[in-house]
Amino acid sequence: MIETFKILDERFGHLFSPTAHLHRLYTGCRWTEVPAYFPAARCLVWSDIPDNRMLRAFLRKRGLLIARTRLVELLAILDETLER
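These remarks concern the structure in this document. Note that the structure is a prediction, hence the values are computed from the model and not measured.

Thresholds applied
- Residues numbered from 1 in each chain as written.
- Predicted model: local features only at pLDDT ≥ 70, side-chain atom pairs only at ≥ 80, totals over all residues.
- Heavy atoms only, no water.
- 1 Å grid on protein atoms, 1.4 Å probe; cavity = no way out; pocket = protein on both sides within 12 Å on 5 of 7 lines; lining within 4 Å.
- Points joined across faces, edges and corners; volume = space filled by probe spheres on them.
- Helix = DSSP H or I, 4+ residues; strand = E, 2+ residues; numbered from the N terminus.
- Nonpolar A, V, L, I, M, F, W, Y, C, P; charged D, E, K, R; others polar.
- Pairing = 2+ DSSP bridges.
- Salt bridge = Lys/Arg side-chain N within 4 Å of Asp/Glu carboxyl O.
- Buried < 20%, exposed > 50% of the residue type's maximum accessible area, 1.4 Å probe, protein only.

Structural notes on the layout of surface pockets
(1) Moving on: There is about 190 Å³ of room inside the largest pocket.
(2) Moving on: What lines the largest pocket is a set of 13 residues, among which Leu-25, Tyr-26, Thr-32, Leu-44 and Trp-46 lie closest to the centre.
(3) Moving on: Put simply, the parts of the chain that give the lining of the largest pocket at least two residues each are β1 (32-38) and β2 (43-48).
(4) Moving on: A total of 4 residues in the lining of the largest pocket trace back to one element, the largest contributor, which is β1.
(5) Moving on: Taken together, the residues of the lining of the largest pocket break down into 7 nonpolar, 4 polar and 2 charged.

What follows is the structure, given as structure tokens:
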């Protein structure tokens, strides 16, 4: 767990909860963007732009499972999951 936060613009200070916790899910990406949570699949998805890949973090009883997937494969998996 990361213990400190740095607020770069005080105008957003009221949006910050002093009791919030930040957990690092994954390291090894140079630049990531667009995290999205898919409740039906119980996973968080984000992109690693320089390495041209999508990553998924699945919520499991024993922690997190990180799965690297190409975008086309990921969309097929999410589509199949949402149909259930």
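As for the pairing of β1
(1) Moving on: As paired elements, β1 and β2 share 5 bridges and run antiparallel to each other. Following the sheet pairing, Glu-33 is matched in β2 by Ser-47.

A closer look at the pattern of salt bridges
(1) Moving on: For the structure on display, the rule yields 1 salt bridge.
(2) Moving on: The partner of Asp-9 in a salt bridge is Arg-11, with the nearest N and O atoms 2.5 Å apart.
(3) Moving on: Given the relative accessible area of 24%, Asp-9 is considered partly exposed.
(4) Moving on: What makes Arg-11 exposed here is its relative accessible area of 64%.

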